[in-house]
Amino acid sequence: MDPLDRPESLKEKFESSSSSFAATNRETSTCAPWARFSTWLECVCVVTFDLELGQAIELVYPHDVKLTEKEKTSICYLSFPDSYSGCLGDTQFSFRLRQSVGRVSGLWFGEEDDYNRDVPLILQKELAHFYGYVYFRQVKDVSVKRGYFQKSLVLVSRLPYVQLFHSLLQIITPEYFEKLEPCLEAVCNEIDQWPPPVPGKTLNLPVMGVVVQVRIPSKDDKAGGSPTRQGQKENLLPAPMVLPTVHELDLFKCFQSIFIHLQMLWELMLLGEPMVVMAPSPAISSETVLALVSSIGPLKYCCDFRPYFTIHDSEFKEYTTRTQAPPNVILGVTNPFFIKTFQCWPHILRLGELKMSGDLPKQVKVKKLSKLKTLDTKPGIYTAYKTFLHKDKALIKRLLKGIQRKRPSEVQSAILRRYLLELTQSFIIPLERYLASLMPLQRSVTPWKTPPQIRPFSQDEFMATLDHAGPQLTSVLKGDWPGLYKRFFRSANFDGWYRLRHKEMTQKVECLHLEAICDADLLSWTKDKSEVEIVDLILKLREKLIRARKIQLPVKDELLEKLESYIQTVISSLPEDLQTVLHKH
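This one's a predicted model, so the numbers in the text were calculated from it and none came from an experiment. (Residues numbered from 1 in each chain as written. Predicted model: local features only at pLDDT ≥ 70, side-chain atom pairs only at ≥ 80, totals over all residues. Heavy atoms only, no water.)

Trainee: I'm lost on the overall build of the protein chain in this one. Help?
Mentor: For the protein chain, the count of helices and strands is 20 helices and 16 strands. Expressed as a percentage of its 585 residues, the buried residues of the protein chain come to 50%. Taking contacts inside the protein chain between residues at least 6 apart in sequence as the whole, the part at least 24 apart equals 73%. Carbon together with sulfur atoms contributes 54% to the accessible area of the protein chain, which is approximately 29100 Å² in total. (Helix = DSSP H or I, 4+ residues; strand = E, 2+ residues; numbered from the N terminus. Buried < 20%, exposed > 50% of the residue type's maximum accessible area, 1.4 Å probe, protein only. Contact = heavy atoms within 4.5 Å. Areas by Shrake-Rupley, 256 points an atom, 1.4 Å probe, with all protein chains shown as cover.)

Trainee: Looking at this model, I keep getting lost on the pattern of salt bridges. Mind explaining?
Mentor: For side chains of opposite charge, pairing can occur when their charged atoms come near one another. For the structure shown, the criterion picks out 23 salt bridges. Across the pair Arg117 and Asp114 runs a salt bridge whose closest N-O atoms are separated by 3.4 Å. With Arg117 and Asp114 both in helix α3 (residues 114-118) and three residues apart, the pair spans about one turn of that helix. We classify Arg117 as partly exposed; its relative accessible area is 35%. (Salt bridge = Lys/Arg side-chain N within 4 Å of Asp/Glu carboxyl O.)

Trainee: Explain empty space enclosed by the protein to me, please; I cannot follow it from the model alone.
Mentor: Gaps left between atoms are located by rolling a probe of water-molecule size over the structure's atoms. This structure, assessed with the given rule, holds one cavity of 30 Å³ or more. Of the pockets and cavities examined, the largest cavity occupies roughly 40 Å³. Along the walls of the largest cavity sit Phe259, Ile260, Leu262, Gln263, Lys391, Asp392, Leu395 and Ile396, which together make up its complete lining. Elements with a minimum of two residues in the lining of the largest cavity: α8 (262-270) and α12 (393-404). In terms of residue class, the lining of the largest cavity is made up of five nonpolar, one polar and two charged. (1 Å grid on protein atoms, 1.4 Å probe; cavity = no way out; pocket = protein on both sides within 12 Å on 5 of 7 lines; lining within 4 Å. Points joined across faces, edges and corners; volume = space filled by probe spheres on them. Nonpolar A, V, L, I, M, F, W, Y, C, P; charged D, E, K, R; others polar.)

Trainee: Explain the pairing of strand β3 (residues 89-98) here, please?
Mentor: Put simply, side chains in a regular strand alternate between the two faces of the sheet. Across the 10 residues that make up β3, a large majority, seven, are buried. Relative to strand β4 (residues 129-140), β3 runs antiparallel, the two being bridged by 10 bridges. Its bridge partner being in β4, Arg98 is matched across the sheet by His129. (Pairing = 2+ DSSP bridges.)

Trainee: Quick question: what am I supposed to make of the side chain of Ser218 here?
Mentor: Inspection of the secondary structure puts Ser218 in the loop between β7 (210-215) and α6 (227-231). On the basis of relative accessibility, which here comes to 10%, the residue Ser218 falls in the buried class. Looking at Ser218, its side chain comes within polar contact range of the main-chain nitrogen of Asp220, at 3.1 Å. Those residues within four positions of Ser218 in sequence are excluded, and the remaining contacts are Asp118, Pro120, Pro199 and Gly200. (Polar contact = N/O pair within 3.5 Å; in protein donor to acceptor, adjacent residues only side chain to side chain.)

Trainee: In this structure, what is going on with helix α19 (residues 557-572)? I would like to understand it.
Mentor: Owing to its 3.6 residues per turn, the α-helix brings residues three or four apart onto one side. Between its first and last C-alpha, α19 extends 23 Å over 16 residues, near the 22 Å set by a 1.5 Å rise per residue. The set of residues buried in α19 consists of Leu559, Leu560, Leu563, Ile567, Val570 and Ile571. In a view along the axis of α19, the buried residues occupy a sector of 125 degrees, so they form one face of it. Opposite the buried face of α19, by more than 90 degrees, sit the exposed residues Asp557 and Glu558. (Expected span 1.5 Å × (residues − 1). Arc of directions from axis to C-beta.)

Trainee: Sorry, what's going on with a positive patch on the surface here?
Mentor: A contiguous patch of positive charge, built from Lys391, Lys393, Lys397, Lys401 and Arg405, is present on the exposed surface. Tracing the backbone through its elements, the reader meets Lys397 in helix α12. Note on Lys397: relative accessible area 61%, which makes it exposed. (Patch = residues over 30% accessible without salt bridge, like charges linked within 9 Å, V, L, I, M, F, W, Y side chains within 5 Å. Lys, Arg positive; Asp, Glu negative; His and termini not counted. Charge placed at Lys NZ, Arg CZ, Asp CG, Glu CD.)

Trainee: Sorry, what's going on with the nonpolar core here?
Mentor: The nonpolar side chains of a soluble globular protein tend to be buried, and buried together. Judged by nonpolar contacts, the single largest core of 108 residues is most densely connected at Trp40, Tyr161, Phe255, Phe427, Leu431 and Phe457. Here this core gets 10 residues from one element, more than from any other, and that element is helix α13 (residues 409-436). If sequence neighbours within four positions are ignored, Leu431 has contacts with Phe457, Phe462, Tyr485, Phe488, Phe489 and Trp497. Counting residues in each nonpolar core, the second largest holds 26 residues, with Leu522, Leu553, Leu559 and Leu560 among its members. (Core = buried A, V, L, I, M, F, W, Y, C linked by side-chain atoms within 4.5 Å.)

In short, geometric facts, not functional conclusions.
Spelled out as structure tokens, the structure:
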């Protein structure tokens, strides 16, 4: 009788236990230099324009941060608007770049850490990319040969906290341009005193005489709830600058010239379709791309996206080759040269400066791709895509009425965010319901057998459930929902969603198995067993315990302590020489 899973050798068990303990020690260590700083930022860069070199990094802080030459070059080009944008004065925007192959993440980063486990999927730390948050200043300056002062301060981070970091830049940068490096050093030292971002916590973050108060969202928050209200229970001193969100954009501002096409754009994001966003400035380009990516939340967008992309980008050739289909990526660009380069792409959103038609923002039109030929291409959505779902006229009327009544932008954004959330949930709930039916029954999980397998996902089986348990239960939208699901099954977003849910379900089965073991009478089972079988049981129980701690199974500590106690009890029932060997290891 096989009580548990297949054992490894005793030596492998002990090595696994030791390495797991060492990894835990490394992750929890806060003794490393800049340990707290690195929970928020990778580094701060100053990029300037050099007459001989062009864009160049003037300063990286902390000084010991190791950026590769490729990363430095990317940061240089992505930190300046291209010459077509004509950005005079101060402008802020964001970019996202792929980190160099072989880079080792900081101590705080790992797939199984507490932060990524407890935060909503869309706020998880990037493991293979950096975000760059830019404050660029270009002003006339006769003392400079070129006639202009041009400089960017860039916060490089793995966290998608667009609102927090841009608010931080507004506090830091004007002061930095006056006082330079000593000011930056002081700011970095202050950030190194901040508590780490813990999901569900409200934090006070002091910087340059201002205290910024933020709440880090938790995956346990009620979807669509008010984050500020959720954080008020905590007993913290009032802060002078309260940010209502660390990451949410003003959706209505981002979508105001395209909101009548919002459902089409939502479908394109859901399906992970290739898209180029052409905008008049990096600020509009980056905000639009980030808003589009967030439109399918709480579903995680699993394709690549670049809020601001230039012809100098290291992936330019990869993304513009015509020998294969366009990659599943959203690119935000400002250079008109890209219109010719991306003519073969299936979806191009061309944005212009916002124009008003009376009180209403002028809406762009859907146009044929064949119209996309000249550098002075008019604003529009250039695509041959036909939506699966019918347009929701009630939403459009509600937003138009809000504009006429001068409803604040944040209220319009809340309406949009709620609508998109409910639309995504209506799409995902039938999938979640079907997935739950693939789980083995709890009564089939016994301590003496390997846990039963989760049934494989069958697309045909799922499609058969739509008639009685489809999106029509929660959404009034009509259209070809089955066709949308079939297309979704071919996307990276489905693959990413399914892999994550399958991993969570596998862990749930492991938890049920652990509970069944702890509820069993292990000593009675060992009474008629040989010493070899009992030692085998002990090794398997230890393996379970090590794995549960290593992958942070969502079980109570008391359960793991109970299992540890059972292991010791079973060991004590063995002869002393065996006990000595097992206790040594």
